[in-house]
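Okay, here's what each chain looks like letter by letter:
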Amino acid sequence: MEADFEDLIAGFLANGIGVSEHFLSDGLCEHLASNLLLLYEDNELKPAGVGNDSLLQHSQLIRKDRIYWLDKEHNDPYENLFFEKMDAFVAYLNATCYANIRSYEFHYSLYEAGDFYVKHLDQFKDNASRQYSMISYLNPDWVGKDGGELLVYQTDANQMIAPTQGKTVFFKSSVLEHEVLVTNGRRMSIAGWLKR
């Protein structure tokens, strides 16, 4: 487990973005993807917005995914395993990097063919509590023609990250602009933020 944590932290320290190829096991990804699809079939996923509180707006010119917020009170066994992994990562990050993370929030995200999310930062203009962004992908058998890459903008060289199953990405919420390129198939993930 600590090797996965070090992959994220070492990559982040080296170039501003950490990537662990197998942060989540295939089995856990399959169960989480199953949960997401059941929620979708039950019409529980809602159109995602941008902004927070009174500034929240919905625009399909900015983003077109649908989301469902995770909550420990749901007491889903597989989501609980995900939370356990995040709890362990936060404890490790705080112990090794003095990050002072105190909470987090995560949601399922589903992009259908043709969906996207334009270039943006993850931190709100009126609230700096989001410190680090994390995205874990739940897509088996993803190939290049499926699109939907995460494009991260950096000074030296932009990074294009394929949303393959088990992969997790970690970066500073207030620093790196990024976008989700148009997807050509169903794209599933859990996205969220580590907060102070």
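Residues numbered from 1 in each chain as written. Predicted model: local features only at pLDDT ≥ 70, side-chain atom pairs only at ≥ 80, totals over all residues. Heavy atoms only, no water.

## Structural notes on the overall build of the protein
Alright, step 1. Helix and strand counts for the protein stand at 3 helices and 11 strands.
Alright, step 2. Listing every helix and strand of the protein by position from the N terminus yields α-β-α-β-β-α-β-β-β-β-β-β-β-β.
Alright, step 3. Here the protein has a C-alpha radius of gyration of 16 Å; the compact-globule value for 196 residues is 16 Å, and the two agree.
Alright, step 4. Dimensions of the protein, computed from the C-alpha atoms along their principal axes, are close to 40 × 40 × 40 Å.
Alright, step 5. Contacts in the protein between residues far apart in sequence, at least 24 positions, make up 78% of those at least 6 positions apart.
Alright, step 6. Surface accessibility of the protein: about 9700 Å² in total, with carbon and sulfur atoms responsible for 50%. (Helix = DSSP H or I, 4+ residues; strand = E, 2+ residues; numbered from the N terminus. Rg over C-alpha atoms; globule rule 2.2 N^0.38 Å. Contact = heavy atoms within 4.5 Å. Areas by Shrake-Rupley, 256 points an atom, 1.4 Å probe, with all protein chains shown as cover.)

## Thoughts on the environment of Asn43
Alright, step 1. With respect to the helices and strands, Asn43 occurs in the loop between helix H2 (26-41) and strand S2 (46-47).
Alright, step 2. Residue Asn43 is classed as exposed on the basis of its relative accessible area, which comes to 52%. (Buried < 20%, exposed > 50% of the residue type's maximum accessible area, 1.4 Å probe, protein only.)

## Notes on the sheet that holds strand S8 (residues 159-161)
Alright, step 1. In spatial order, the strands read S5-S10-S7-S8; together these 4 strands make up an open sheet with antiparallel pairing. For this open sheet the edge positions go to strand S5 (117-120) and S8, each flanked by a neighbour on one side alone. With strand direction ignored, the average angle separating the axes of adjacent strands in the sheet is 10°. (Pairing = 2+ DSSP bridges. Axes fitted to C-alpha atoms, helices over the stretch in contact; angles between N-to-C directions.)

## Details of the sheet that holds strand S11 (residues 187-195)
Alright, step 1. With antiparallel pairing, the 7 strands of this open sheet are ordered in space as S1-S9-S6-S11-S4-S3-S2. The sheet terminates laterally at strand S1 (17-20) and S2, the two strands that pair on one side only.
Alright, step 2. As paired elements, strand S4 (residues 103-111) and S11 share 9 bridges and run antiparallel to each other. Its bridge partner lying in S11, Glu105 is registered against Trp193.

## Some details on the pattern of salt bridges
Alright, step 1. Enumeration over the complete set of coordinates arrives at 9 salt bridges.
Alright, step 2. The salt bridge involving Glu105 is made with Arg130; its shortest N-O contact spans 3.1 Å. Placement of the pair is Glu105 in strand S4 and Arg130 in strand S6 (residues 130-137), with a sequence separation of 25 residues.
Alright, step 3. Since its relative accessible area comes to 8%, Arg130 is described here as buried.
Alright, step 4. One salt bridge connects Asp146 with Lys145, and the closest N-O pair in it is separated by 3.8 Å.
Alright, step 5. What emerges from the salt-bridge pattern is a single network uniting Glu105, Arg130 and Lys195. (Salt bridge = Lys/Arg side-chain N within 4 Å of Asp/Glu carboxyl O.)

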